[in-house]
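Each chain, written out:
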Amino acid sequence: MELKKVEGIKFIDGGVCAAKGFKANGIQCGLAHAGASVTKKKNDIALILADNMCTAAAVYTTNKVKGAPIQVTKEHLQNGMAKAVIVNSVNANTCNSDGVAKAEKMCSLVAEELGIDEKDVIVASTGVIGQILPIEPIEKGMKSLCDGLTYDGNSRAVEAIMTTDTMPKEVAVEFEIDGKICTMGGMLKGSGMIHPNMATTLTFITSDVNISPELLQRALSDVVKITLNRVSVDGDTSTNDMVCVMASGTCGNKIIDCEDDNFEKFRNALYAVMMNLARMMARDGEGATKLIECACVGASSEKTAETVAKSVITSSLFKAAMFGEDANWGRILCAVGYADANFDISKVDVNIGSEKGIIAVCRDGAGVEFSEEKAKEILQEEEIQIYISLNEGDCSAVAWGCDLTYDYVKINGDYRS
């Protein structure tokens, strides 16, 4: 899918290896589900390593059930520093009595092989919840994983974090700070169990910008709210959600330690990476055939606009209508109406659009005549836009989702097999 442009940002290749001084690798160590054929086995463990110690920041799931890796990573990032990321797919290492010990062991295996401190390792897992994580395949594969680290290993790493994802999700950008060309790249996994409530994914971002841990955390916390927190596939908030950023400082800019113009440039680059990763995740929702973008404008507050936009993209009835390419605008207005926000429904306007055009379907809270044939043509596109105007203010927000298809049930009906 096409990347969405952001002013001052140039898109480049390389994912998490785009930033100077970052290596990555991914291998198949043997964590594949029992019974999976050899041809279906893919890379299942990934490693990212920085040449230098990095400032680091992370945001985690708000689910009360949290994966063991989150507990370990929180402990390791208390000093705001990190040098490596180890992450596996297939098994979430969640709700297991030995989970923390296994997550700590993953860090120590990396540390021993690379000669670094285990507390400088971020650890993450994704996959089936409640199954014991076998550490032996990881231990056996660690030397190969570390030996295979390269400055262009991003594609191997992103394959290793995929579960039901049907496509790799990577974005990298260039931007300028203090006359220096700076770089940032990220990779994301996420297709199901996706709902706005922190980060809704595993996402790993690297940059060569020189920025303090405090400002890095502030930038990440700000940008998560307007990108990954505005995505929903199915209304389920995962137990292992994590977004982490490592910044090495090797591009040579003066350290960003206050909220000045350079901080805004960094945050803008982070937005470009995370917004496009969020769009990729919504488009690759389990069984999805369409990316749906809902923009709510004319709100009295950004919170109201966000609440309305989220309400629409999480409506199962609306999502099903989009799959059927049915311009049933009443389902949109219904979702707007039960949004937990205060506004006058009699002022609401709704338009539906895509590359094939835009049509008005609702004005002042009531339906208007429109061509069903034109609406069908619009909804046959892969990317659909829903425009909602509350006509009560100047605030706006955008949220992203996908259609609800037969395949979503098929995928989740036998997820463990």
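Preceding block: the structure.
What comes next concerns the included structure. (Residues numbered from 1 in each chain as written. Predicted model: local features only at pLDDT ≥ 70, side-chain atom pairs only at ≥ 80, totals over all residues. Heavy atoms only, no water.)

1. Looking at the pattern of salt bridges
Just so we agree on the cut-off: The salt bridge criterion pairs a side-chain nitrogen of Lys or Arg with a carboxyl oxygen of Asp or Glu, the two atoms within 4 Å. Burial classification: accessible surface area is computed with a 1.4 Å probe over protein chains only, and a residue below 20% of its type maximum counts as buried, one above 50% as exposed, and the rest as partly exposed. Runs of E in the DSSP output that reach at least two residues are strands. Runs of H or I that reach at least four are helices, and both are numbered from the N terminus.
For the coordinates displayed, the defined rule picks out 17 salt bridges. Between D165 and K169 there is a salt bridge, and its shortest N-O distance comes to 2.7 Å. Owing to a relative accessible area of 7%, D165 belongs among the buried residues under this scheme. Between D222 and R267 there is a salt bridge, with its nearest N and O atoms 2.5 Å apart. Of the two residues, D222 sits in helix α5 (residues 213–226) while R267 sits in helix α6 (residues 261–283), which places them 45 residues apart along the sequence. D222 sits in the partly exposed class, given a relative accessible area of 26%. One connected set of salt bridges, linked through shared partners, spans K4, R279, E293 and E383.

2. Observations concerning unusual backbone geometry
Even without being a glycine, V90 presents a positive backbone phi close to 80°. Here V90 lies in the loop between β4 (81–88) and α2 (99–114). With a relative accessible area of 15%, V90 lands in the buried category. Even without being a glycine, D178 presents a positive backbone phi close to 55°. Tracing the backbone shows D178 in the loop between β6 (169–177) and β7 (180–189).

3. Some remarks on the environment of F22
Stated precisely, the cut-off is as follows: The contact criterion used is simple: two residues touch if any of their non-hydrogen atoms lie within 4.5 Å.
Here F22 shows up in strand β2 (residues 22–27). Taking C-alpha positions, F22 is 4.6 Å from A50, a pair spaced 28 residues apart along the chain. Those residues within four positions of F22 in sequence are excluded, and the remaining contacts are V16, C17, I48, L49, A50, C54, T150, Y151, T206, S207, M246 and S248.

4. Comments concerning the side chain of N253
Selection criterion: Between N or O atoms, a polar contact is any pair within 3.5 Å; within protein, one atom must be a potential hydrogen donor and the other a potential acceptor, and residues adjacent in sequence are included only when both atoms are from side chains.
Position of N253 among the secondary structure elements: in the loop between β9 (242–247) and α6. In terms of polar contacts, N253 uses its side chain to reach the backbone amide nitrogen of N210, at 2.8 Å. N253 has contacts with I177, D178, K180, D208, V209 and N210, leaving out every residue within four places of it along the chain.

5. Considerations on the packing of α5 against α6
Each pair of packed helices can be described by the angle between their axes along with the distance between the axes. Stated formally: Fitted lines through C-alpha atoms give the axes, limited to the stretch in contact for helices. The angle between two N-to-C directions lies from 0 to 180 degrees. Should an angle fall under 35 degrees it is taken as roughly parallel, and over 145 as roughly antiparallel, whereas 65 to 115 is taken as roughly perpendicular and any remaining angle as oblique. Each helix crossing is assigned a hand: it is left-handed if the near helix lies turned anticlockwise from the far helix by less than a right angle, otherwise right-handed if that turn is clockwise.
As a packed pair, α5 and α6 sit with axes 10 Å apart at the nearest point and diverge in direction by 45°. When the axis of α5 is compared with that of α6, the two are oblique. Read as a crossing pair, α5 and α6 show a hand that is right-handed. Side by side, α5 and α6 meet where L215, L216, R218, A219, L220, D222, V223, V224 and I226 of the first sit next to F263, F266, R267, L270, Y271 and M274 of the second.

6. Observations concerning the packing of aromatic side chains
A ring pair, where both rings are aromatic, is described by two values, the distance of the centres and the angle of the planes. Applicable threshold: Side-chain rings of Phe, Tyr and Trp (the six-membered ring for Trp) are treated as a pair once their centres are within 6.5 Å; stacked means planes under 30 degrees apart, edge-to-face means over 60, and tilted covers the remaining angles.
Taken as a whole, this structure holds one aromatic pair when the rule is applied. Consider the rings of F323 and Y406, whose centres lie 5.2 Å apart with planes at 90°: the pair is edge-to-face. Of this pair, F323 sits in helix α8 (residues 316–323) while Y406 sits in helix α11 (residues 406–413), and the two are 83 residues apart along the sequence. For F323, a relative accessible area of 27% corresponds to the partly exposed category.

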